[in-house]
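If you want the building blocks of each chain, they are given just below.
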Amino acid sequence: AANPHKTNFTEILSRIFKNYHDIQMQNYQENIYLLKNVYRLNPYNEVANKQLGFFYFKRRDFQNAIKHINYYTHKKPKSTEMLYLANVTNKKCGNYEKAVDIGEQILLREPKNFRNLKNLKELYKLTNKLERENELDIKIKELENKKTKQIEKIKKYEEYRNFLICIKEKLLMNQLEEVLK
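### What about the nonpolar core?
Consideration 1: Ile32, Phe57 and Ile69 are the most contacted members of the largest nonpolar core, which totals 23 residues.
Consideration 2: For this core, the secondary structure elements donating two or more residues are helix H3 (29-41), helix H4 (46-58), helix H5 (62-75), helix H6 (80-92) and helix H7 (96-109).
Consideration 3: Considering every element that reaches this core, the biggest residue donor is H6, with 6 residues.
Consideration 4: Ignoring sequence-local partners within four residues, the contact set of Phe57 consists of Phe62, Ala65, Ile69, Leu85, Val88 and Thr89.
Consideration 5: The next biggest cluster of nonpolar side chains, apart from the first, holds 10 residues, and it includes Val100, Leu120, Tyr124 and Leu143.

Pasting the structure below:
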């Protein structure tokens, strides 16, 4: 016999995917309603927890988002994207120490993640750990300087490239004039 929960689960998921337009239009209410049904059937469903956390976060309902996001990141700690969401959500809920721990995990994985560095710096300021805040501020400034230098190199390269293109065009024009004489 067919499992009625599986059928119901499949039906709910297919309705969620049909609501792609609603997602694009930031109308999350219907998807939250559908995902809550999946969650009621199986509160350990990772997809339901991830999506509920995401939709609650998008609606700025951080208290509901945190439960689902923390569950998901506990089960899938390799998802840096969701760890960052957990970091921000915990920060929004005032769980600064947990947010700091998560931010440090992200920093170990992605030491040049500018967004995380800025967020972590702010968290250290909120927790009055000014020495660590200053260390991160130095890293942020170093990254900004590197980025500025890279942009300058790219601009110089583009200028040089454009210069070469102009020379090539002039040479081609000279050759064409020679042929037409």
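### What to know about a nonpolar patch on the surface
Consideration 1: Taken together, Tyr160, Phe163, Leu164, Ile167 and Leu171 make up a surface patch of nonpolar side chains, about 490 Å² in accessible area.
Consideration 2: Turning to its location among the elements, Ile167 is positioned in helix H9 (residues 130-180).

### Some details on the pattern of salt bridges
Consideration 1: A complete count under the given rule lists 7 salt bridges for this structure.
Consideration 2: In this structure, Glu46 and Lys76 form a salt bridge, with 3.4 Å as the shortest nitrogen-oxygen distance. Note that Glu46 is positioned in helix H4 and Lys76 in the loop between H5 and H6, a separation of 30 residues in sequence.
Consideration 3: Overall, the relative accessible area of 36% leaves Lys76 in the partly exposed class.
Consideration 4: The residue Arg132 makes a salt bridge to Glu104 at a minimum N-O spacing of 3.1 Å. Of this pair, Arg132 sits in helix H9 while Glu104 is found in helix H7, placing the two residues 28 residues apart along the sequence.
Consideration 5: Salt bridges linked by common partners bring Glu104, Arg132 and Glu135 together as one network.

### Description of the confidence of the model for the protein
Consideration 1: Overall, the predicted model of the protein reaches an average pLDDT of 84, with 86% of residues at or above 70.
Consideration 2: Confidence scores differ between elements of the protein, with helix H2 (residues 20-24) showing the lowest mean pLDDT of 52 and H7 the highest of 95.

### Looking at helix H8 (residues 114-126)
Consideration 1: Taking 1.5 Å per residue, 13 residues should reach 18 Å; H8 reaches 19 Å between its end C-alpha atoms and fits that length.
Consideration 2: Regarding H8, the residues found buried are Asn116, Leu117, Asn119, Leu120, Leu123 and Tyr124. One side of H8 carries all its buried residues, which in axial view fall inside an arc of 165 degrees.
Consideration 3: Contact partners of the buried residues in H8: H6, H7 and H9.
Consideration 4: Measuring from the side-chain oxygen of the N-cap residue of H8 to the backbone nitrogen of Arg115 gives 3.3 Å; that N-cap residue is Asn113.
Consideration 5: Looking at the residues trailing H8, positive phi occurs at Asn128, about 55 degrees.

### Things to note about the packing of H5 against H6
Consideration 1: Look at H5 against H6: their axes get within 9 Å of each other, and the N-to-C directions meet at 145 degrees. You can see that H5 and H6 cross each other, and the crossing is left-handed. Counting all contacts with H5, which are made through Phe62, Ala65, Ile66, Ile69, Asn70, Tyr72 and Thr73, the residues of H6 involved are Met82, Leu83, Leu85, Ala86, Thr89, Asn90 and Lys92.
Consideration 2: Partitioning the contact of H5 with H6 into residue classes produces 9 nonpolar, 4 polar and 1 charged.

### With respect to unusual backbone geometry
Consideration 1: If you check the backbone angles, Arg60 has positive phi at about 65 degrees while not being a glycine.
Consideration 2: Relative to the helices and strands, Arg60 is located in the loop between H4 and H5.
Consideration 3: Within the chain, Asn128 stands out as a residue other than glycine whose phi angle is a positive 55 degrees.
Consideration 4: Of note, Asn128 is situated in the loop between H8 and H9.

Definitions and limits used
- Residues numbered from 1 in each chain as written.
- Predicted model: local features only at pLDDT ≥ 70, side-chain atom pairs only at ≥ 80, totals over all residues.
- Heavy atoms only, no water.
- Core = buried A, V, L, I, M, F, W, Y, C linked by side-chain atoms within 4.5 Å.
- Buried < 20%, exposed > 50% of the residue type's maximum accessible area, 1.4 Å probe, protein only.
- Helix = DSSP H or I, 4+ residues; strand = E, 2+ residues; numbered from the N terminus.
- Contact = heavy atoms within 4.5 Å.
- Patch = residues over 30% accessible without salt bridge, like charges linked within 9 Å, V, L, I, M, F, W, Y side chains within 5 Å.
- Areas by Shrake-Rupley, 256 points an atom, 1.4 Å probe, with all protein chains shown as cover.
- Salt bridge = Lys/Arg side-chain N within 4 Å of Asp/Glu carboxyl O.
- pLDDT = per-residue confidence, 0-100.
- Expected span 1.5 Å × (residues − 1).
- Arc of directions from axis to C-beta.
- Polar contact = N/O pair within 3.5 Å; in protein donor to acceptor, adjacent residues only side chain to side chain.
- Axes fitted to C-alpha atoms, helices over the stretch in contact; angles between N-to-C directions.
- Left-handed = near helix turned anticlockwise from the far one by under 90°.
- Nonpolar A, V, L, I, M, F, W, Y, C, P; charged D, E, K, R; others polar.

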